[in-house]
Amino acid sequence: LEIETALRHAVADNLLSLVYQPQLDARTGTVIGLEALLRWNNSDGTPYLSPLQIITIAEKNGLIIPIGEWVFHTACRQLRQWQHEGLATPRLAINLSAVQFEEPGLVQLVQDALQKNDLSPDYIELELTESAIMHRPDDAKQKLLELKKLGVWLALDDFGTGYSSLSYLKLFPIDRIKIDRSFVNEATTNNDDAAIVETVISLANNMRMQVIAEGVETQEHVEFLLARGCHEMQGYYYARPLPADQCGKLLIPGF
Ligand code: G
Ligand code: G
Ligand code: MN
Ligand code: NA
């Protein structure tokens, strides 16, 4: 309960922040995306609670709604700010929890954030997990179609770790699969993980979806993925999640 109170204060007092992790095209070294990630740090910069802890608490006490709104507006405002500075901005990926995804106000929230910041929807990607979508698959399909109608991109996060049927890939308008970092991390040392990564890349390519690998940490990971037809990558090998000012330095002029 104390932690709930602390979280309420953190929201009210603007103690939450966002960092941005670059996503690259490994063939060219170009930054093609940024994933916004939530942080709640102590004043010395060390994490107070992890984003997963924050989201878990916030989903129980309803704070997930104001936090989600804050994340969306803050990330969109930052993207617009970079554009005002004359920087070429890539797409911006924003995570949504299951509760956020099922919230009736989601489509309006996305629409408002785009409009307020004068952003084209194709700058925005929503990251959803399999479990968020499969909780109520019929409602999910409707919701995904509504979001697609706005023009944003839809990505499946942590792919391969949830309980779900592959048939939803055929039924739902998913644009991009994010291969979970647990598979990527072991792909060069474990045959089973290698097989899973290869299979997911083939699946995405054959179903005309984009595919990105998370948790790319070594040159070996990069070579393994490139050799199998995955060129979009995110991970410590390229960049950690960065504060906005540092992330802006990676963007090139051209908006
Ligand atoms: O940044 P880090 O790897 O610690 O994030 C851990 C997890 O927390 C991520 O996998 C992501 O799913 C979740 N997360 C991070 N930021 C957000 C956010 O703004 N909203 C939601 N719903 N989840 C987030
Ligand atoms: O679940 P989601 O994909 O949203 O989580 C992204 C999280 O993964 C971020 O919180 C980030 O801190 C973490 N992350 C990003 N790159 C790497 C990496 O190369 N290795 C590891 N172990 N974690 C990473
Ligand atoms: Mn994510
Ligand atoms: Na992930």
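In this report, the structure presented in the accompanying data block is examined. Computed from a predicted structure; not experimentally measured.

1. Section: the site of ligand 2
Part 1 of the argument: The environment of ligand 2 is made up of 13 residues, and the closest members are Leu-37, Gly-215, Glu-217, Gly-235 and Tyr-236.
Part 2 of the argument: By residue class, the composition of the shell around ligand 2 is four nonpolar, four polar and five charged.

2. Focus on helix H3 (residues 64-84)
Part 1 of the argument: Its 21 residues place the ends of H3 30 Å apart at the C-alpha level, agreeing with the 30 Å of an ideal helix rising 1.5 Å per residue.
Part 2 of the argument: When we look at burial in H3, the residues that qualify are Ile-64, Ile-67, Gly-68, Val-71, Phe-72, Ala-75, Cys-76, Gln-78, Leu-79 and Trp-82. Buried residues of H3 fall within an arc of 155° about the axis and therefore sit on the same side.
Part 3 of the argument: Where H3 ends, the next residue or the one after it, Gly-86, has phi of about 85°, a positive value.

3. Topic: the nonpolar core
For soluble globular proteins, the rule of thumb is that nonpolar side chains tend to be buried together.
Part 1 of the argument: One finds Ala-36, Ala-75, Leu-92, Ile-94, Ile-179, Val-200 and Ala-213 to be the most contacted residues of the largest nonpolar core, which totals 58 residues.
Part 2 of the argument: Here the element with the most residues in this core is H3; it accounts for eight residues.
Part 3 of the argument: Leave out the neighbours within four places in its chain, and Ala-75 touches Leu-18, Ala-36, Leu-92 and Ile-94.

4. Notes on the site of ligand 1
Part 1 of the argument: In the vicinity of ligand 1 lie 13 residues, with Leu-37, Leu-38, Pro-51, Asn-95 and Ser-97 positioned nearest.
Part 2 of the argument: Going through the elements one at a time, strand E2 (30-41) and helix H2 (51-61) are the ones with two or more residues in the shell around ligand 1.
Part 3 of the argument: Per-element accounting of the shell around ligand 1 gives the leading share, three residues, to H2.
Part 4 of the argument: Tallied by class, the residues present in the shell around ligand 1 amount to eight nonpolar, four polar and one charged.

5. A word on the environment of Lys-116
Part 1 of the argument: For Lys-116, the location among the structural elements is in helix H5 (residues 106-116).
Part 2 of the argument: Between the C-alpha atom of Lys-116 and that of Arg-80, which follows or precedes it by 36 residues, the distance is 9.9 Å.

6. With respect to unusual backbone geometry
Part 1 of the argument: Positive phi outside glycine occurs at Asp-118, with the angle close to 55°.
Part 2 of the argument: Along the chain, Asp-118 turns up in the loop between H5 and strand E5 (124-129).
Part 3 of the argument: Exposure remark for Asp-118: the 10 C-beta atoms within 10 Å place this residue in the exposed category.

Rules of the game
Residues numbered from 1 in each chain as written. Chains lettered and ligands numbered in written order. Predicted model: local features only at pLDDT ≥ 70, side-chain atom pairs only at ≥ 80, totals over all residues. Near = placed C-beta within 6 Å. Nonpolar A, V, L, I, M, F, W, Y, C, P; charged D, E, K, R; others polar. Helix = DSSP H or I, 4+ residues; strand = E, 2+ residues; numbered from the N terminus. Expected span 1.5 Å × (residues − 1). Buried ≥ 20, exposed ≤ 12 C-beta atoms within 10 Å, placed from the backbone. Arc of directions from axis to C-beta. Core = buried A, V, L, I, M, F, W, Y, C linked by C-beta atoms within 7 Å. Contact = placed C-beta atoms within 7 Å.

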